[in-house]
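A structural walkthrough
Read off the chains here:
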Amino acid sequence: MQIKELLEIVAKENASDLHIVANSKPQIRVHGELIVLEQYDVLTEESSKELCMSILTDKQKEKFEGKYELDFSIEFENLGRFRANYYYTVGTKLAAAFRIIPQVIPSLDELKLPEVLKNLTKHKQGLILVTGPTGSGKSTTLAAMLNEINITRKEHILTIEDPVEFLHTNKKSLYSHREVGANTDSFASGLKYALRQDPDVILVGELRDRETISIALTAAETGHLVLGTMHTNSAIATVNRILDNYDGNEQIQIRNMLSSTMVAMVGQTLIPRVGGGRVAVHDILINNTAVANLVRENKTHQLYSQMQLNQSKEGMLTQATSILEAYRNGTISKDDALEYAFKPEEVKLKI
C-alpha cells in the first residue's frame, strides 16, 4: 500500500478526505460521511508510520518529531495537490488526514454562491472573513473570491497560508504565495512583512491569535483588502471572537478599528443535499452605519436584527433565510434544515 494509491481512490470516489489511523482500515470522507476502504487490511502501528513517513522530507520528519504535529501540502503528478496533517494519538501512534485541493479553481458562479460575494471582491480595502467549522468549504469560497479579483483587476495578491492550498495562475493580477514554516515563520510574521511587499490584496489563511488579528486590522486600515478565515460558526460569532481577544481599553480601540475596517463577515455551513452531495448555506453580515455603531458601542447582540432588516436592500443574509430557500427549492430535507440551523425554532416556525 502507498499513499498515492489511497489518494487515487480519494480522487476517483470524489471524496474530500483520507484518514489513516493505526488499528483501523483507511477511511475516506464522501459528502460528509466516512467510508471504510474494506479492500485493505487494518493498519498496524508500524505500517501506518511507514506509510506516512515515506513521503516526508528529512526536514519535515525532524519538524514532526520535534513538535508532534505537521501541516504541509503535497502534489502528485497526474493526481493533484493535497493538504495533509500528521499527528500522534495515545501511545505515540502516528495518524494522518489528507484533504484534496481541486486542481481547477471554481468561479463564484460555478459554486452558486450568493451574488453579494462578487460585489464584496470589488472593495479596494477593508477586512472580509469567511468563517465556519472545519470542512465547511471556507478555503474554496475564498479561492473563488480571489479568482474573481484575478480575472477583473490588476492587483498584487499576496497569500499567507499553512500550508498553501490553491495555486493561482496569474491572469490580470500578480500572485505571491507564501507558506508558514517554509517561507515565513508565522502568520503574524508573514503579515507584518507583507506590508513592505507592496500588496493590494492579502489572504491570511487563518486568524488564529491576537497578534495576527491586530496586524490584519492594521493592514485593512492602511489601504489593503484583507481576506481570511476564522473557525467560528457564524458571522456574528466572528465579530465576538475578535473582540474577545482584547480587554479594557484595548477592546475599545479594537471595536473602533473593526467598525471602520470590516467589510463583511461571511458564515458558511455545508448541509447534505437531497440525492447526494452537500449544499452551502450562508449568513452574511455587511458593514453599514448601523452595524458599525453597534460594534463600536459593544452592542453586538443587536446585529442579528440588522441582518434581518437589510437582507433585500444591502445583501445581508441570515442563515435561517438561506436554509429556508434551500428547503423550499427541494435541495435539503426538513430534518437537515432543522438540525443544521443556528435558530431551529425560527426555521421551524417559517416552514
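Please read these numbers as outputs of a predicted model, since none were measured by experiment. (Residues numbered from 1 in each chain as written. Predicted model: local features only at pLDDT ≥ 70, side-chain atom pairs only at ≥ 80, totals over all residues. Heavy atoms only, no water.)

Description of the UniProt feature "domain: Bacterial type II secretion system protein E" (unreviewed entry) in the chain
In the numbering used here, UniProt assigns the "domain: Bacterial type II secretion system protein E" (unreviewed entry) feature to residues 195–209. Structurally, residues 195–209 is divided into 0% helix and 27% strand, and its ends, taken at the C-alpha atoms, are 18 Å apart. (UniProt positions renumbered as here; feature names shortened; annotations may be inferred. Helix = DSSP H or I, 4+ residues; strand = E, 2+ residues; numbered from the N terminus.)

Section: the environment of D200
Mapping D200 onto the fold places it in the loop between α6 (187–194) and β10 (201–204). D200 gets classed as partly exposed once you look at its relative accessible area, which sits at 30%. Taking the C-alpha atoms as reference points, D200 and K124, separated by 76 residues in sequence, lie 7.7 Å from one another. Dropping the residues within four chain positions of it, D200 is found in contact with K124, E155, H156, H224 and L225. (Buried < 20%, exposed > 50% of the residue type's maximum accessible area, 1.4 Å probe, protein only. Contact = heavy atoms within 4.5 Å.)

Some thoughts on unusual backbone geometry
Excluding glycine, residues mostly have negative phi values, and the peptide bonds linking residues are mostly trans. Across the junction of D162 and P163, the peptide omega takes the value -5 degrees, indicating a cis bond. Tracing the backbone through its elements, the reader meets P163 in the loop between β8 (156–161) and β9 (174–179). Look at N14: it is not a glycine, yet its phi comes out positive at around 55 degrees. By the element assignment, N14 lies in the loop between α1 (3–12) and β1 (17–21). Residue classification places N14 among the exposed residues on the basis of a relative accessible area of 55%.

A few points about the pairing of strand β13 (residues 278–286)
Most of β13 is tucked away, with seven of its nine residues classed as buried. Across nine bridges, strand β12 (residues 262–272) lies against β13 in antiparallel orientation. Each residue of the ladder has a partner; that of V266, found in β13, is I284. (Pairing = 2+ DSSP bridges.)

Observations concerning the side chain of H224
In this fold, H224 is placed in the loop between α7 (210–221) and β11 (225–230). A distance of 3.4 Å separates polar atoms of two side chains, one belonging to H224 and the other to T222. (Polar contact = N/O pair within 3.5 Å; in protein donor to acceptor, adjacent residues only side chain to side chain.)

Overview of the sheet that holds β8
Overall, mixed pairing links the seven strands, which are arranged β9-β8-β10-β11-β7-β12-β13 in an open sheet. Of all strands in the sheet, those with a lone pairing partner are β9 and β13, marking the two edges. For this sheet, the mean angle separating the axes of adjacent strands, direction not counted, is 15 degrees. Bridge count between strand β7 (residues 126–131) and β12: five bridges; the pairing is parallel. Bridge pairing in β12 links V130 to V266. Its contacts with the sheet put α7 on β7, β10 and β11, and the angle it makes with β11 is roughly 155 degrees. Contacts from helix α13 (residues 319–328) reach β12 and β13 within the one sheet, and its direction differs from that of β13 by about 150 degrees. (Axes fitted to C-alpha atoms, helices over the stretch in contact; angles between N-to-C directions.)

Here's the deal with the environment of N249
Summarising the element assignment, N249 is placed in helix α9 (residues 248–261). N249 sits in the exposed class, given a relative accessible area of 67%.

A few points about the domain arrangement of the chain
Domain boundaries in the chain define domain 1 (3–101) and domain 2 (115–349). Contact residues are listed per partner, giving ten residues for domain 1 and twelve residues for domain 2. Of the roughly 990 Å² buried where domain 1 meets domain 2, counting both sides, 51% is carbon and sulfur surface. When the area that domain 1 buries against domain 2 is broken down by residue, the three leading residues are H31, R83 and I101, summing to 41%. Among the ionic pairs, R83 bridges to E165, the shortest N-O distance being 2.7 Å. For the interface between domain 1 and domain 2, the tally reads four residue pairs in polar contact (both at pLDDT 80 or more). Sorting the residues of the side of domain 1 that touches domain 2 by element identifies β4 (69–76), β5 (80–89) and β6 (93–101) as the ones contributing at least two each. A total of three residues in the side of domain 1 that touches domain 2 trace back to one element, the largest contributor, which is β4. (Domains from an automatic or database assignment. Buried area = accessible area lost by both parts, 1.4 Å probe. Salt bridge = Lys/Arg side-chain N within 4 Å of Asp/Glu carboxyl O.)

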